[in-house]
Amino acid sequence: MTATIARTLDEACAALADRPHAVVLAGGTDLMVEANRGGRDMEDVVVVDRIPELRGWAQHGGSLRIGACTTCAEIGDGELASLVPALAQAARTVGSPQIRNAATIGGNLGTASPAGDTLPVLAALDAEVEVRSASASRMLPLHDFVIGPKATALEPGELIAAVHLPVTDGPQEFLKVGVRNAMVISVASLALVVDRPGRNVRIALGSVGPVPIRAVEAEVLAAERIDWSGNGILDSEVVERVCELVADAARPIDDHRGTIAYRRHAVDVLARRSLRRALASEEERNGL
Amino acid sequence: MSGVDAIVDVEVGRVGMDAPASRIGDDAPRPDGVPKVTGDFAFSSDLWHDRMLWGGTLRSPHPSAVIRHLDVGPALALAGVYAALTHEDVPGSSTYGLERADQPVLADGVVRYEGEPVAIVAADHPATARRALDAIVVEYEPIEALVNSELAEASEPIHPDGNVFRRIHLRHGDQTVVGRSDLVSVEGIYEVGMQDQAFLGPESGMAVPDGDGGVDLHVATQWLHADRDQVAACLGLPSDRVRLSLAGVGGAFGAREDLSLHVHLCLLALRTGRPVKMSYSREESFHGHVHRHPARMWYRHYANSVGDLVRVEAHLLFDGGAYASTSSAVLANATCFSTGPYRVPSAEVEGVAVRTNNPPCGAMRGFGAVQTCFAHEAQMDLLADALGMDPVALRRRNALATGDVLITGQRVTGSLPVVEVLDACAGHPSAAVRPEEPMARPGGAGRTADADHVVRGEAVALGFKNLMFSEGFDDSSEARCEIRDGVVTITSACAEVGQGFVTLVRQIVGEVLGTSEVVLEPASTVGIGSAGSTSASRQTWMSGGAVQLACEAARSDLLTRIAGDYEVPADDLSLVDGQVTGLPDGYSPSLTEATGEPVVASVVHRHAPTVPLDSDGQGDAHVSFAVSAHRAIVDVDPDLGLVRVVELTTAQDVGRILNPRQAVGQLEGGAAQGVGLAVMEEVQVEGGRIRNASFTDYLIPTALDMPPVEIAALVEQPEPGAPFGAKGIGESPTISSTPAVVGAIRSATGLALPRVPVRPEDIALADRDPVKSSPEVAA
Ligand SMILES: Cc1cc2nc3c(=O)[nH]c(=O)nc-3n(C[C@H](O)[C@H](O)[C@H](O)COP(=O)(O)OP(=O)(O)OC[C@H]3O[C@@H](n4cnc5c(N)ncnc54)[C@H](O)[C@@H]3O)c2cc1C
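Residues numbered from 1 in each chain as written. Chains lettered and ligands numbered in written order. Predicted model: local features only at pLDDT ≥ 70, side-chain atom pairs only at ≥ 80, totals over all residues. Heavy atoms only, no water.

What follows covers the pairing of strand β16 (residues 309–319) of chain B. Residue and element names in this part refer to chain B. β16 sits mainly inside the fold: 10 of its 11 residues count as buried. For strand β15 (residues 295–303) and β16, the ladder comprises 9 bridges, and the chain directions are antiparallel. By the bridge assignment, Y299 is partnered in β16 with A314. Hairpin connection of β15 to β16: 5 residues between the antiparallel strands, including G307 at a positive phi of 95 degrees. In the sheet, β16 pairs with strand β17 (residues 346–354) via 9 bridges, with the strands oriented parallel. Across the sheet, the residue bridging to L316 is G351, located in β17. The parallel pair β16 and β17 is bridged by helix α8 (residues 327–336), and the resulting crossover is right-handed. (Buried < 20%, exposed > 50% of the residue type's maximum accessible area, 1.4 Å probe, protein only. Helix = DSSP H or I, 4+ residues; strand = E, 2+ residues; numbered from the N terminus. Pairing = 2+ DSSP bridges. Right-handed = clockwise from strand over helix to strand, strands pointing away.)

Structure representation (structure tokens):
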């Protein structure tokens, strides 16, 4: 077994070029659980969480680049949280404070769990994943990156360097249903992004399909029917229909965490609530 | 013993010698408290020996199968593997068990539950042990598993002992009242899922061969002597060749009453001649210990129009899983306490515990009373509703008191402050406010609910249970007190599993002998008799009582000796602050001077005898009783079915408080386990297989799920015959908290919710009055 503690991105890429099947270790909050369960062969490990280029974030115009090793604690707090509130809300639901201090966004992407909490937000924001290897760098839209439950498009020798996403003008929401009030794997989640200048609405669902699901028909209907010039409100019949379309978009399974019927029901409720929050007037919002 | 110093010394018992003497009633701190918080405490998983091997267990992947072929040869052929053993290598009894020896040490031709041990290995490294387990060849022929407890009795026996562990048909009072037309009756079917004890320290231990055919076993357990006797029988050794010492226990709650890795470790150590350590993974732990019995319960309550209970009928079906464990005693408790702390003049209760191919079930905090309390308290609320009465008033009206007769025909002679406990709890002012913070609503960190999505409910429940072992069991605890050079050394085999015996010993010595110079010897089977199990809310009474009596006997011997030396009456002398007082001329020798020649006293303490239940489930089967009350206030998000327990208030019958801090700790921790059963804790078993054998998916309450516990009252009515009048307090908090929480969810939602844990879909997808559906987005 070898373990390379990389100090620079080049070092990490070089180590991966050397041992293309090495396992990348960031916060270890997924990997160590797997390793302890004997589910992962860890012959060679490349540790990336001490690489300055992979930590922190930067804004370039309307776009953000968040380094892969930025932690959920960092995403959930401060200026970044005000730029992408839904991502911050998602990050704040991850595990416990101890977990959030270690868990990284790159790790959440790397695991690509159907229940990964940042993924629906990244899907709703049409985020792109910056992938690096010793020889190349490429950008993959989220839906091309997460290709199945716990499956990514990463090739041997590649690592996630960052995720790129737009700063939008308008309300964002992330809501997550779990059986426990904290530190729980999502049974169903929903991210909503209302882009006012772009006059569009994006809705993505988590834990109700193999990968994050965009509720495209619901998005289109909502965008069409929102009174963009006025007070930005949807009438209740349209809300009904949007929520129905959201529930239809879900492709949930029955498992020990929840049933198909409950998950479908839950995203319907989450859609209704997130829309109300996002489209409520200032006054209404204060009453919620 | 070879290399014993290399074993981490688990000194839970040694207490500081410089502190002032603690007394009964003090908030004495736990000697193991700080080490447990800082990580210095050595748990059984920290056991270490430089020459040790690592043990591993091969378990059945099937809930029911015949083993056609088993070959450990390929495992033995691997480098670094020192032993691979099967049932053929068990020299003594091939089975063990607490009530009856029906569980194989290692499967012999057939497996009856998923996770049943089939073979064991010892290797130089845990990874080698894992590879060795993978190399063992087993051919299983799966057979249809019996997983529905309702079909167990009528099915082909899945074990030579049959599919019924026990049936109790309790009949009490006039059996003809059923036909009376003036009675109000309510009926319900209730179900309790399988709860796990969810201790943090998985099963682990180390066996060290003594080089002479015997073995020393260091293990986290609840009852050293019962373990020793079962282990010795399986090893075919006399009891004195098998010595058990308590290793640091990371929680127990009943799950360490049965053997797990004990015999396996000893077999491997004796075979290899090397110390062998085993430590279960979390997943393995879920397969490696018994759980709380799932139960299906039918109830019918009859009352007259003013709300006096007239009769209760019930059928209780408890699924014991594949092996007996303590099913028989659990069922007895469930049946005896099936009607709660109420006067019930006529009852017919049929309790059956059956064998299935589900995971074995046995002891867990509350021991049978938890399941029936969930049912009888739901029934009391239903009845109150049917009578148009306040549920607290109905309970008060029917509350048992000293002098009343139970449905077992036993008259309550000790204290039983049911009304006091109920009134204190129900009357306690609530501090619950509407949370401003969205995280404090149902759904918590997921931010799913706005204020108008939330409804609030409130309910009160009472719980009732026996203390000590019952039904004629000869229950004893031995303790020794030696005072030498001023230092008091206490020896007891009482297992400290977190309940605070190590604190209490110091308080008892302080109280009786007036000194803080106390050493509590590590608990073991060597040189001392059994202390009995740390279960049944019994150790404070039994082993605390034994320590008290031993200290009193030592004090009496000492003072008699000194009185003889000085020719004064012994009654004039006492021990105060480490000195002998009452001698002539104000002479007061220190305890150190007085015990240059030591005094030693040993005592075996027994509680009052009990008798077995007769064929009608009648008899003075129990020693003592305790009652508790909980009031829960919950917020529910009916559309998503999410729950937040806002406030939990309790009052409990404690006899006398020996250590307020420890008492509160028991009440808080026990209530958290009850909240867990109410809303999330369940070992999900499908087709005999556990679906959530991890803490990722077996959820226990977090700080956001568990509200602060408001203690309305610790009702002190000393129990006659109990040391210092104290009742056991460990189990009650787990019993009444579950029905209080579920009652509050019912009151918030109007749903029947006959099953725990209540799942989100049980609320969200229930047929509900449309007026309660979610508010629409404003147009
Ligand atoms: C108690 C607990 C609670 C949790 N709760 C939640 C929760 O509520 N919501 C949730 O979404 N998750 C949860 N998780 C899972 C986990 O914390 C997250 O998925 C986290 O984001 C993983 O990040 P990490 O840095 O720890 O990843 P690691 O464990 O280090 O890695 C995870 C995977 O990603 C790969 N990887 C990591 N970084 C890179 C990179 N830069 N390039 C390529 N591959 C990479 C690794 O090889 C591995 O396959 C929880 C975990 C625990 C232990």
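This brings us to the nonpolar core. The nonpolar side chains of soluble globular proteins are, as a tendency, buried together. All names here are of chain B. One finds V634, V741 and I745 to be the most contacted residues of the largest nonpolar core, which totals 93 residues. Here this core gets 10 residues from one element, more than from any other, and that element is helix α9 (residues 369–387). Apart from the residues lying within four places of it in its own chain, the contact partners of V634 are V455, R456, G457, V643, R644, V645, V646, V741, A744 and I745. (Core = buried A, V, L, I, M, F, W, Y, C linked by side-chain atoms within 4.5 Å. Contact = heavy atoms within 4.5 Å.)

Residues and elements named next belong to chain B. For helix α5 (residues 224–235), spanning 12 residues, the distance from its first C-alpha to its last is 16 Å, which sits close to the expected 16 Å at 1.5 Å a residue. Burial runs high along α5: 10 of the 12 residues are buried. The set of residues buried in α5 consists of L224, H225, A226, D227, R228, Q230, V231, A232, C234 and L235. On its buried face, α5 is in contact with β4 (95–96), β12 (215–219), β13 (242–246) and α6 (262–272). One or two positions beyond α5, positive phi appears at G236, with a value near 70 degrees. (Expected span 1.5 Å × (residues − 1).)

Here the focus is the domain arrangement of chain A. Residue and element names in this part refer to chain A. Split into domains, chain A comes out as domain 1 (2–166) and domain 2 (186–286). On the domain 2 side, the residues contacting the 15 residues of domain 1 number 14 residues. Carbon and sulfur atoms supply 65% of the area that domain 1 and domain 2 bury against each other, a total of about 1200 Å² over both sides. The largest contributions to the domain 1 side of the interface with domain 2 come from P114, P120 and A124, which together make up 41% of the buried area. At the boundary of domain 1 with domain 2, the tally comes to 1 salt bridge. Ionic pairing is found between D126 and R214, a salt bridge with its closest N-O pair at 2.7 Å. Applying the counting rule to domain 1 against domain 2 returns 4 residue pairs in polar contact (both at pLDDT 80 or more). Sorting the residues of the side of domain 1 that touches domain 2 by element identifies α8 (118–124) and β8 (146–148) as the ones contributing at least two each. The dominant element in the side of domain 1 that touches domain 2, judged by the number of residues it contributes, is α8, at 5 residues. Taken together, the residues that form the side of domain 1 that touches domain 2 break down as 12 nonpolar, 1 polar and 2 charged. (Domains from an automatic or database assignment. Buried area = accessible area lost by both parts, 1.4 Å probe. Salt bridge = Lys/Arg side-chain N within 4 Å of Asp/Glu carboxyl O. Polar contact = N/O pair within 3.5 Å; in protein donor to acceptor, adjacent residues only side chain to side chain. Nonpolar A, V, L, I, M, F, W, Y, C, P; charged D, E, K, R; others polar.)

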